Amino acid sequence: YMADAPLDMRMNNEDALQADTVVNTWSQEELRRILYTYGEERYAPQIAAAICRRREVSPIRTTFELVDVIRSAMPASALREKQHPAKRSFQAIRIAVNDELGSVEKVMEDAVPLLNPGGRLAVITFHSLEDRIVKNAMAAAAKGCTCPPSFPVCVCGKKPQVKLISRKPITATPEELEENPRARSAKLRVAERI
């Protein structure tokens with residue numbers, strides 16, 4: 001959103017889905033859902049409606065065109081906030097285009113069995129939705145048994161695969177944040193193979 005470019009947002013140029021397709025063809029309800037869920041955008045309904053109104057006139061093809069649509073849908077108070085008004089919306093569209101949350105889930109499923117005993121899995125997340133996936137996957141691998149608490153004995157036979165190195169995520173110190181403010185949302189979680 002800082003430079004004018006075609007609406008692409010793919011991390012892999014061989015993937016078919018581009019931001020252009022999301023913005024110009026997805027339903028208003030689906031746009032609202034991804035803006036709210038992936039971007040935590042509180043003006044998601046207004047932005048989704050503005051995108052749909054604008055694309056009826058002509059397709060939205062560039063980042064600056066999308067920024068203008070997003071700005072037009074937001075109240076003046078939101079435009080005065082510290083962060084760029086399109087940041088959350090662009091993040092949401094990028095997550096949808098690249099299926100980033102699905103990728104995190106897949107990596108978490110595949111990573112633990114690949115570790116040797118004593119091997120460590122360290123994951124840095126930058127978004128609350130990513131962090132929740134990592135936290136839950138590590139907790140499930142550390143718990144093992146999936147039997148209901150009411151069962152007197154374990155019948156599933158699942159054993160813990162990892163031990164958590166720390167219960168809480170490791171975050172940047174104030175000194176680190178002074179040097180690199182972009183680290184403010186970074187969370188590091190670590191598990192060790194048993």
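Everything discussed here concerns the structure shown above.
Residues numbered from 1 in each chain as written. Predicted model: local features only at pLDDT ≥ 70, side-chain atom pairs only at ≥ 80, totals over all residues. Heavy atoms only, no water.

A.B. asks: I'd like a rundown of the packing of aromatic side chains, residues and numbers included.
C.D. replies: One pass over the full model with this rule turns up one aromatic pair. With centroids separated by 5.5 Å and ring planes inclined at 80 degrees, the aromatic side chains of Y1 and F90 adopt a geometry described as edge-to-face. Here F90 lies in helix α6 (residues 87-98) and Y1 lies in the segment before α1 (19-25), a separation of 89 residues in the sequence. Residue classification places Y1 among the partly exposed positions, given a relative accessible area of 29%. (Phe/Tyr/Trp six-rings, centres within 6.5 Å; stacked < 30°, edge-to-face > 60°. Helix = DSSP H or I, 4+ residues; strand = E, 2+ residues; numbered from the N terminus. Buried < 20%, exposed > 50% of the residue type's maximum accessible area, 1.4 Å probe, protein only.)

A.B. asks: Any chance you could break down the nonpolar core for me, citing the residues and the numbers?
C.D. replies: Residues Y38, I47, I51, L66, I93 and L121 are the most contacted members of the largest nonpolar core, which totals 46 residues. Put simply, the parts of the chain that give this core at least two residues each are α1, α2 (28-39), α3 (44-57), α4 (63-73), α6, α7 (100-114), β1 (120-125) and α8 (128-143). If near-sequence neighbours (up to four positions away) are discounted, I51 is found in contact with V23, L31, I60, L66 and V69. (Core = buried A, V, L, I, M, F, W, Y, C linked by side-chain atoms within 4.5 Å. Contact = heavy atoms within 4.5 Å.)

A.B. asks: Talk me through a nonpolar patch on the surface; I want residue IDs and the actual numbers.
C.D. replies: On the surface, a nonpolar cluster with roughly 290 Å² of combined accessible area is contributed by F151, V153 and V155. Of note, F151 is situated in the loop between α8 and β2 (162-164). Relative accessible area serves as the criterion here: at 39%, F151 is assigned to the partly exposed category. (Patch = residues over 30% accessible without salt bridge, like charges linked within 9 Å, V, L, I, M, F, W, Y side chains within 5 Å. Areas by Shrake-Rupley, 256 points an atom, 1.4 Å probe, with all protein chains shown as cover. Salt bridge = Lys/Arg side-chain N within 4 Å of Asp/Glu carboxyl O.)

A.B. asks: Describe α8, with residues and values.
C.D. replies: A turn of α-helix holds 3.6 residues, and therefore any two residues three or four places apart point the same way. The terminal C-alpha atoms of α8 lie 22 Å apart, and with 16 residues this matches the ideal 22 Å at 1.5 Å per residue to within 8%. Considered for burial, the residues of α8 that qualify are L129, E130, D131, I133, V134, M138 and A141. As for α8, its buried residues are in contact with α2, α7, β1, β2 and β4 (187-193). A positive backbone phi angle near 85 degrees is found at G144, which sits one or two residues after α8. (Expected span 1.5 Å × (residues − 1).)

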